[in-house]
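# Coordinate inspection notes
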Amino acid sequence: MQLDQLINQALEELKKLGMAKLTIKSYRYSVYSPIRNYCVKHGTNCYEPATLDSFLSVQKKRLENSEISARYYRQLRRAVQMLHDIYQYGTLQWDYYSARSLYKTNEYFSLCLNQFLDAQHLSKGSIANLRTYILQFLCYIEHNGHCDFNTLSPEDVKDYLMATAETHQGSMGEVLYALRLFFSYLKENSLLLIDLSPALNKPAQRKKRILPCFTHEEVETILKQIDTCTKEGKRDYAILFLASHTGLRAVDIANLQLTDLDWVNDTIRIVQRKTGRLLVLPLETNTGNAIATYILEGRPESDSEYVFLRTMAPYRKLSDVVSVGNILQKYLKMAGITRSPGDGRGFHALRRSMGTWMLESGVPLTTISQVLGHKDQDSAKQYLSMDHKRLAECALDFQGIPVEGGLFL
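Residues numbered from 1 in each chain as written. Predicted model: local features only at pLDDT ≥ 70, side-chain atom pairs only at ≥ 80, totals over all residues. Heavy atoms only, no water.

As a further point, take the overall build of the chain. In terms of regular secondary structure, the chain is built from 16 helices and 3 strands. Within the chain, the proportion of its 409 residues that are buried is 41%. Here the contacts in the chain between residues at least 6 apart in sequence split such that 60% fall between residues at least 24 apart. (Helix = DSSP H or I, 4+ residues; strand = E, 2+ residues; numbered from the N terminus. Buried < 20%, exposed > 50% of the residue type's maximum accessible area, 1.4 Å probe, protein only. Contact = heavy atoms within 4.5 Å.)

So, about the nonpolar core. Among the nonpolar cores identified, the biggest contains 41 residues, and Ile222, Leu240, Phe308 and Phe347 are the most heavily contacted of them. Taken together, the elements giving at least two residues each to this core come down to helix 9 (216–224), helix 10 (231–246), helix 11 (250–254), strand 2 (267–271), strand 3 (278–282), helix 12 (285–298), helix 13 (321–334) and helix 14 (348–360). In terms of residue count, the dominant contributor to this core is helix 10 (6 residues). Once residues within four sequence positions are removed from consideration, Ile222 is found in contact with Phe214, Leu240, Leu328, Tyr331, Leu332, Ala335 and Ile337. Counting 31 residues, the second largest nonpolar core, distinct from the first, contains Leu130, Leu152, Leu176 and Ala199. (Core = buried A, V, L, I, M, F, W, Y, C linked by side-chain atoms within 4.5 Å.)

The next thing to look at is the layout of surface pockets. Where empty space is left in the structure can be found by rolling a water-sized probe over the atoms. The volume enclosed by the second largest pocket comes to roughly 200 Å³. Looking at the second largest pocket, the residues that line it are His216, Val219, Glu220, Leu223, Phe241, Ser244, His245, Glu284, Met354, Trp357, Met358 and Ser361. Elements supplying a minimum of two residues to the lining of the second largest pocket: helix 9, helix 10 and helix 14. Take the lining of the second largest pocket: its biggest share by element is 4 residues, from helix 9. Grouping the amino acids of the lining of the second largest pocket by side-chain chemistry returns 6 nonpolar, 4 polar and 2 charged. (1 Å grid on protein atoms, 1.4 Å probe; cavity = no way out; pocket = protein on both sides within 12 Å on 5 of 7 lines; lining within 4 Å. Points joined across faces, edges and corners; volume = space filled by probe spheres on them. Nonpolar A, V, L, I, M, F, W, Y, C, P; charged D, E, K, R; others polar.)

Glancing now at the sheet that holds strand 2. Spatial strand order, 1-2-3: 3 strands in an open sheet with antiparallel pairing. Here the strands that pair on one side only, and so sit at the sheet edges, are strand 1 (261–262) and strand 3. Note: strand 2 against strand 3, 5 bridges, orientation antiparallel. The residue of strand 3 that forms the bridge with Ile268 is Leu281. (Pairing = 2+ DSSP bridges.)

This is the structure in structure tokens:
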């Protein structure tokens, strides 16, 4: 099949999805033109998967050498995948383009990874995390000359841990956990000759960090930054108002459906993605008004069942928690609220804020746990340490404590 024919069909599909003319023009000249030129230079003007894969390999090296941006590389990779889809299915499979990883490994490693993940009985988010951590490890060992697991040694594993520690300072526990599960699976299925688990340093018991929350004043300042006269502003205001007044997780907001809103009984009814449990919350007037304003005045025309959609075509649901989190980051910056890595002032801080505010208002821990949809009521105990006023009332004086050898300074 002629490559030009596939490219033109891909551009027509983008037009059907409601893409802007400038976006389609960008795909035609900035994306598909380099792909076509590469194929012609290598002696073909037909659809040849091997040539397209070779093109992406060249672009990946350019990315590694900082010759192109990660965003442009993703756009090129997405464009190639579109050609594959048009050839195989006659249409685009847009939903999963954005979820593809920058990491790609050989067929054998990919097969082992997929079989391992299929054997895990974990949530979708946990599976995604395992995939990321293990795929990074597989790319590393393949880059260092390993095409299977029989040549791996504990030293190889230790070298990887040293190399990855710099970029995973706050998540090495998760990296070790993922590798420990993977090595155990390989050993049990005779895919690994030696036991590599001793190379994984046993981590110290994880310390529970008490991360900060936002004050009422900070949340008000954040909400004031939003231009609610725009469609995007109406959506962003509804999302942040909903999060700060219900404590819903980002993943549940991204997956909130129109049928989850009971306008007659003023309730929100969802099955939580993290726990799989039903959660029913009151839909307060101001929260309901914010959502209703977005649906009636800001939401694009779409047959999607999800409440919150992209502001640009194709009008699909917000893809993941990162998309929701980026909305908050935008207005944090506008509000002058600075952030640093690991400071806990991400989207989840709105949930912690809700829990802390309820505790400060005298709401019992059991009720807080129910409202936030905790699977274990002990999860709400973290908010005790955020109630500084009541903690101060629990402070002990020095009465009855003998002082020897001088004064306490």
